[in-house]
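Residue strings, one per chain:
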Amino acid sequence: MDNINGLDVKHLAEEFGTPIYIYDCEQIKINYTKLKKSLDRYYSKNSIHYSLKANSNLRILEYIATLGAGADCSSPVELELAQRSGFTNSKILYTGNYESEEDLKKAIEFSVRINLDDISSFKRLIKLTVPEILSFRINPGIGKGGFEGITTAGSDAKFGVPYEMAYDAYKLAKDVGVKRFGIHMMTGSNNLEPYYFAEIVEKLMTIAGKIFIPLDIQPEYVDIGGGLGVPYYDDEKELDIELTAKLISEALKEKSAKFGFGEPELILEPGRYIIANAGYLIAKVTGVKKSYKTFVGLDAGMNTLIRPALYGAFHKVDVYGKTNKTNLVTLCGQICENSDIFAKNLPFPEVEDGDIVIFHNSGAYGYSMSSNYNNRMRPAEVMIINGKPQLIRRRETLDDILTGII
Ligand code: LLP
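On a predicted model such as this, the values are computed, not experimentally measured, just so you know. (Residues numbered from 1 in each chain as written. Predicted model: local features only at pLDDT ≥ 70, side-chain atom pairs only at ≥ 80, totals over all residues. Heavy atoms only, no water.)

**Quick word on the domain arrangement of the protein**
Then step 1. In terms of domains, the protein is made up of domain 1 (3-22 + 276-395) and domain 2 (96-270).
Then step 2. Look at where the C-alpha atoms of domain 1 and domain 2 centre, and you get two points 35 Å apart.
Then step 3. At the interface, nine residues of domain 1 touch eight residues of domain 2.
Then step 4. Summing both partners gives a buried area of about 860 Å² for domain 1 against domain 2, and 59% of it is carried by carbon and sulfur.
Then step 5. Among the ionic pairs, aspartate 234 bridges to lysine 316, the shortest N-O distance being 3.4 Å.
Then step 6. On inspection of domain 1 and its partner domain 2, the count reaches two residue pairs in polar contact (both at pLDDT 80 or more).
Then step 7. Split into classes, the residues belonging to the side of domain 1 that touches domain 2 amount to four nonpolar, three polar and two charged. (Domains from an automatic or database assignment. Contact = heavy atoms within 4.5 Å. Buried area = accessible area lost by both parts, 1.4 Å probe. Salt bridge = Lys/Arg side-chain N within 4 Å of Asp/Glu carboxyl O. Polar contact = N/O pair within 3.5 Å; in protein donor to acceptor, adjacent residues only side chain to side chain. Nonpolar A, V, L, I, M, F, W, Y, C, P; charged D, E, K, R; others polar.)

In structure tokens, the structure reads:
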């Protein structure tokens, strides 16, 4: 793979330097539109709230806002970014966890819908205000994600109100004077199995019945979180989004009819699905070492893309102009940690210093999880829009590292 949306990767690397994240806006639009069309076909009252944590470059957010998306924000700064990039407040949901009073104050100030992680959060909130509309993130007791670290429900998860306590949470909120309600869950990230989504929607709706019928509440929205996966390995199958939308809608409609809920708004909060395959990390080979194994070192590392080191995640890698993968190498970065490894026993071409390496599927949780570890600068970011590359964040400099020191 030598070009991104028709642009030669080597030229991009020469023009902007490495390591660099490159995002293809056309692919973002394809992903968003595909999901939106599938949802529209089966459940017209739907909203896609892009999850800012996946990638929150302001220019990318502006682009996603123009597609018509809402936003899922998890911190005050994400609220700020969502507002500055043109998402309307009515289409923003704030979902924190262990939300501080300051966090809640910000969410109130921005007048966005608030989705609380716990009853204890509600107690903090009502010291500040009683909102007109509210939801709780429910832990439905089951969760699934691509790795343990991204499984966000079930008994080991730190998130959400345990479903056995959900009724108490809503009763308290109603008693205190909240008038309108929704319900939320986020059970795990990077799922590729449509029937899993059907299962959790059914589970959440069964829980909703047990809460809302006795409390005589009509839920206005059902937010099933993100979690739509993308294939990272060649042998993984793409998530069948059409079938997923169909199954989610069927489960939602069936339970809504049964419980007399009318037609609540269906909200999805995808991050990865919208941006992962639109992003590439481009790096340069900085050294090849024939040691006990063959190590290929790059100018990008766990500081640039932490997913392999953190979760054991895999990102497919190509080398510019070289397709003959005759060697087995350990691909690593320059950080002083032995977990700074992208892949072991990786089929790889014969490379030399200066060769350009292209990591796929790096648009989500790439830059947003990068760091300055070892005092390496965060990379620059470029987006390709209307066929042209545009620098949307400059590379960090020493001044950025020194900023804030007193
Ligand atoms: N909504 C909520 C409340 C979330 O916590 C998340 C992600 C999303 C939506 C978006 O999930 P997505 O559609 O991207 O699966 N850093 C990990 C992923 C962590 C996801 C955490 N929550 C990774 O690199 O795989």
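**Notes on the site of the ligand**
Then step 1. Around the ligand, the structure places 19 residues, and the nearest of them are Ser189, Glu269, Arg272, Arg307 and Tyr365.
Then step 2. In the model, a nitrogen atom of the ligand is placed 3.1 Å from a nitrogen or oxygen of the aspartate 72 side chain.
Then step 3. At 2.9 Å from an oxygen atom of the ligand is found a main-chain nitrogen or oxygen belonging to glycine 271.
Then step 4. Protein contact buries 93% of the 590 Å² of open area that the ligand shows by itself.
Then step 5. A breakdown of the residues in the shell around the ligand according to their chemical character gives six nonpolar, seven polar and six charged.
Then step 6. When residues of the shell around the ligand are assigned to domains, at least three fall in each of domain 1 (3-22 + 276-395) and domain 2 (96-270). (Near = heavy atom within 4 Å. Areas by Shrake-Rupley, 256 points an atom, 1.4 Å probe, with all protein chains shown as cover.)

**Overview of the packing of aromatic side chains**
Two descriptors summarise a pair of aromatic rings, namely the distance from one centre to the other and the angle between the planes of the rings.
Then step 1. Using the criterion set out here, one finds twelve aromatic pairs in the structure.
Then step 2. With centroids separated by 4.8 Å and ring planes inclined at 15 degrees, the aromatic side chains of tyrosine 233 and phenylalanine 314 adopt a geometry described as stacked. Taken together, the residues span a long stretch of sequence, with tyrosine 233 in the loop between strand S11 (221-223) and helix H9 (241-259) and phenylalanine 314 in the loop between helix H11 (307-311) and strand S15 (317-319) at a distance of 81 residues.
Then step 3. On the basis of relative accessible area, tyrosine 233 is assigned to the partly exposed category, the value being 42%.
Then step 4. A centroid spacing of 5.4 Å and a plane angle of 55 degrees characterise the contact between phenylalanine 259 and phenylalanine 261, whose relative ring orientation is tilted. Across this residue pair, the class does not change: phenylalanine 259 and phenylalanine 261 are buried.
Then step 5. Grouped by ring-pair contacts, the aromatic residues Phe122, Phe136, Tyr170, Phe181, Phe212, Phe259 and Phe261 constitute a single cluster. (Phe/Tyr/Trp six-rings, centres within 6.5 Å; stacked < 30°, edge-to-face > 60°. Helix = DSSP H or I, 4+ residues; strand = E, 2+ residues; numbered from the N terminus. Buried < 20%, exposed > 50% of the residue type's maximum accessible area, 1.4 Å probe, protein only.)

**Structural notes on the pairing of strand S14 (residues 294-298)**
Then step 1. A large share of S14 lies buried, amounting to four of its five residues.
Then step 2. Here five bridges tie strand S13 (residues 279-290) to S14, and the two strands are oriented antiparallel to one another. By the bridge assignment for S14, lysine 289 is matched with phenylalanine 295.
Then step 3. Counting the residues in the hairpin turn of S13 and S14 gives three residues. (Pairing = 2+ DSSP bridges.)

**Observations regarding unusual backbone geometry**
Then step 1. Across the junction of threonine 18 and proline 19, the peptide omega takes the value -10 degrees, indicating a cis bond.
Then step 2. Counting through the fold element by element, proline 19 comes out in the loop between helix H1 (9-16) and strand S3 (20-24).
Then step 3. Look at serine 111: it is not a glycine, yet its phi comes out positive at around 40 degrees.
Then step 4. In this fold, serine 111 is placed in the loop between helix H5 (101-109) and strand S7 (113-116).
Then step 5. Of the residues examined, serine 111 reaches a relative accessible area of 53% and is grouped as exposed.
Then step 6. Positive phi, close to 55 degrees, is recorded for asparagine 375, a residue that is not glycine.
Then step 7. Mapped onto the elements, asparagine 375 comes out in the loop between strand S18 (356-359) and strand S19 (380-385).

**Section: a nonpolar patch on the surface**
Then step 1. Together, Leu398, Leu402 and Ile405 make up a nonpolar patch on the protein surface, roughly 320 Å² of accessible area in all.
Then step 2. Along the chain, leucine 398 turns up in helix H12 (residues 398-402). (Patch = residues over 30% accessible without salt bridge, like charges linked within 9 Å, V, L, I, M, F, W, Y side chains within 5 Å.)

**Examining the nonpolar core**
Then step 1. With 102 residues, the main nonpolar core has Phe136, Phe348 and Phe359 as its most contacted residues.
Then step 2. Here this core takes eleven residues from helix H8 (residues 194-215), the largest share from any one element.
Then step 3. Each of domain 1 (3-22 + 276-395) and domain 2 (96-270) contributes no fewer than three residues to this core.
Then step 4. Those residues in contact with phenylalanine 348 that lie beyond four places of it in its chain are Val296, Val317, Val319, Asn324, Lys325, Thr326, Asn327, Val329, Leu331 and Val357.
Then step 5. Among the nonpolar cores identified, the runner-up in size contains 15 residues, and Leu7, Ile20, Ile282 and Ile356 belong to it. (Core = buried A, V, L, I, M, F, W, Y, C linked by side-chain atoms within 4.5 Å.)

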